[in-house]
Amino acid sequence: MSKGPGLFTDIGKKARDLLTRDYLSDHKFSVSTYSESGVALTTSTVKRGGYSSGDVAAQYAYRNTFTDLKVDTESNISATFTVADIIPSSKTIANLKFPNYESGKLEFQYFHPHASLTAAVGLNQSPPLDFSVTLGTPTFALGAEAGYETASGKLTKYTAGITVTKPDSSASVILGDKGDTIKASYIHYLDEFKRSAAVGEITRKFSTNQSTFTVGGSCAVDSLTLVKVKLNNHGTLAATLQHEVIRKSLVTFSSEFDTKSLDKTPKFGVSLALKP
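Residues numbered from 1 in each chain as written. Predicted model: local features only at pLDDT ≥ 70, side-chain atom pairs only at ≥ 80, totals over all residues. Heavy atoms only, no water.

**Student:** I'm lost on the overall build of the protein in this one. Help?
**Tutor:** Tallying secondary structure elements over the protein gives one helix and 19 strands in all. What you see for the protein is a C-alpha radius of gyration of 21 Å, in line with the 19 Å of a compact globule of 276 residues. Projected onto its principal axes, the C-alpha coordinates of the protein cover approximately 50 × 50 × 40 Å. Within the structure as shown, the protein displays about 16600 Å² of accessible surface, and the carbon and sulfur contribution to it stands at 61%. Computed over 30 positive and 26 negative side-chain charges, the inter-centroid distance for the protein is 2 Å. (Helix = DSSP H or I, 4+ residues; strand = E, 2+ residues; numbered from the N terminus. Rg over C-alpha atoms; globule rule 2.2 N^0.38 Å. Areas by Shrake-Rupley, 256 points an atom, 1.4 Å probe, with all protein chains shown as cover. Lys, Arg positive; Asp, Glu negative; His and termini not counted. Charge placed at Lys NZ, Arg CZ, Asp CG, Glu CD.)

Now the structure itself:
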């Protein structure tokens, strides 16, 4: 396990990723290439319904800096610049966008063996502020985050969470939506490579008195093939199949349907990512 408690966004992330990552409802194709100078280029196209879009992204790393530049077919440009260790154990991230330049953000992260801190400010005339702090160790951590809107002088969010992590499992509880929602999750790994796992998550929204319970899991059929499935108490069943066709290149098929309304058209998604 890594040193330190990690960031607040890491609380519950393992279970969340297993229940959300690779579950697709669109069609995506991407090709990546790498130059001798260290520049990585990725071209992607996505089709959602009858609408298609695409983008070209370039990444470059040099010593303690990393640059990510993306241009899409809607003429949107985004750039992310990351610099590590401006001061020891820190990371500074600048995110710029055009033409929606007011959505830019500057973020600072600091890591300590028993704590982590983040602070982010929007790059506009009335910048929103976000803060988070996490205390603990790699096996036990608790933290909180808050958002503040300078224009209105109000808190836009406040969230608290706690997590317990072991080599083969992780459990977390998060109180969010300004105290209106509580989410508890647990993930247990079934093999030493952490490719096969079982996960459960329950979310309770107090204002509507509604709960959502989701169970799921992943199973490594072999070293190249991974199957994932999830089902919630509302009857939504989803599954995904991912196969490594060649080294580092993945094809993913995904489907979702409502078991309580079988007359509805199921959702299907597919992704092909080719890397050298």
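**Student:** Hey, could you run me through the packing of aromatic side chains in this one?
**Tutor:** We describe a pair of aromatic rings using the distance from one ring centre to the other and the angle between the two ring planes. Applying the stated rule across the entire model yields zero aromatic pairs. Of note, Lys194 hangs over the ring of Tyr189, and the distance from its end group to the ring centre comes to 5.2 Å. Above the plane of the ring of Tyr23 lies Lys230, whose end atom (NZ or CZ) is 4.3 Å from the centre. (Phe/Tyr/Trp six-rings, centres within 6.5 Å; stacked < 30°, edge-to-face > 60°. Lys NZ or Arg CZ within 6 Å of the ring centre and 35° of its normal.)

**Student:** Can you help me understand a nonpolar patch on the surface in this one?
**Tutor:** A cluster of nonpolar side chains, namely Leu117, Val133, Leu135, Phe140, Leu142, Ile162, Val164, Val173, Leu175, Ile182 and Phe206, defines an oily patch on the protein surface of about 830 Å² accessible area. Of all elements in the fold, only strand 9 (128-136), strand 10 (140-149), strand 11 (154-166) and strand 12 (169-176) reach the threshold of two or more residues within the nonpolar patch. Among the structural elements, Leu175 can be located in strand 12. Judged by relative accessible area, Leu175 falls into the partly exposed class, the value being 38%. (Patch = residues over 30% accessible without salt bridge, like charges linked within 9 Å, V, L, I, M, F, W, Y side chains within 5 Å. Salt bridge = Lys/Arg side-chain N within 4 Å of Asp/Glu carboxyl O. Buried < 20%, exposed > 50% of the residue type's maximum accessible area, 1.4 Å probe, protein only.)

**Student:** Help me understand the environment of Thr214 in this model?
**Tutor:** Locating Thr214 in the fold gives a position in strand 15 (residues 210-220). Spatially, the C-alpha atom of Thr214 lies 30 Å from that of Phe131, the residues being 83 residues apart in sequence. Setting aside anything within four residues of it in sequence, one finds Thr214 in contact with Leu19, Val199, Gly200, Glu201, Lys230, Leu231 and Asn232. (Contact = heavy atoms within 4.5 Å.)

**Student:** Looking at this structure, I do not really get the side chain of Ser169. What am I missing?
**Tutor:** In this structure, Ser169 sits in strand 12. Taking the relative accessible area as the measure of exposure, Ser169 reaches 8% and is therefore buried. Among residues more than four places away in sequence, those in contact with Ser169 are Val164, Tyr186, Ile187, His188 and Tyr189.

**Student:** Is there a simple way to explain the nonpolar core in this structure?
**Tutor:** One broad trend across soluble globular proteins is that nonpolar side chains are buried collectively. Among the nonpolar cores identified, the biggest contains seven residues, and these are Ala15, Leu18, Leu19, Ile187, Tyr189, Ala197 and Val199. Going through the elements one at a time, helix 1 (13-20), strand 13 (181-189) and strand 14 (197-205) are the ones with two or more residues in this core. In contact with Tyr189, not counting residues within four places along its chain, are Lys14, Pro167, Asp168, Ser169, Lys194, Ser196 and Ala197. (Core = buried A, V, L, I, M, F, W, Y, C linked by side-chain atoms within 4.5 Å.)

**Student:** Help me out: how do you make sense of the pairing of strand 1 (residues 27-34) in this one?
**Tutor:** It is a general feature of regular strands that their side chains alternate between the two faces of the sheet. As judged from the five bridges shared by strand 1 and strand 19 (residues 267-274), these two strands associate in the parallel manner. Residue His27 lies in a different strand from strand 19, and its bridge partner there is Val270. Strand direction decides the pairing type here: strand 1 and strand 2 (residues 39-48), joined by eight bridges, are antiparallel. In the sheet register, Val31 faces strand 2, and the bridge partner there is Thr43. Two successive antiparallel strands, strand 1 and strand 2, enclose a turn made up of four residues, where Gly38 displays a positive phi of approximately 100°. (Pairing = 2+ DSSP bridges.)

**Student:** Please clarify how the environment of Leu237 should be interpreted in this entry.
**Tutor:** Turning to its location among the elements, Leu237 is positioned in strand 17 (residues 236-246). Since its relative accessible area comes to 25%, Leu237 is described here as partly exposed. Measuring from C-alpha to C-alpha, the distance between Leu237 and Thr259 comes to 6.7 Å, with 22 residues separating the pair along the chain. With residues up to four places along the chain from it excluded, the contact list for Leu237 reads Val229, Lys230, Leu231, Ser255, Glu256, Phe257 and Thr259.

**Student:** Explain helix 1 to me, please; I cannot follow it from the model alone.
**Tutor:** Since there are 3.6 residues in each turn of an α-helix, residues three or four apart along the chain are aligned in direction. Of the residues making up helix 1, those classed as buried are Ala15, Asp17, Leu18 and Leu19. Tucked inside the fold, the buried residues of helix 1 contact strand 13, strand 14, strand 15 and strand 16 (225-232). Of the residues flanking the end of helix 1, it is Asp22, one or two places downstream, whose phi is positive at about 75°.

**Student:** Looking at this structure, how should I read unusual backbone geometry?
**Tutor:** Most peptide bonds are trans, and most residues other than glycine sit at a negative phi. Residue Pro99 follows Phe98 across a cis peptide bond; omega there is 5°. Tracing the backbone through its elements, the reader meets Pro99 in the loop between strand 6 (90-98) and strand 7 (105-112). Despite not being glycine, Lys178 has its phi angle at roughly 60°, a positive value. Note that Lys178 resides in the loop between strand 12 and strand 13. With a relative accessible area of 41%, Lys178 lands in the partly exposed category.

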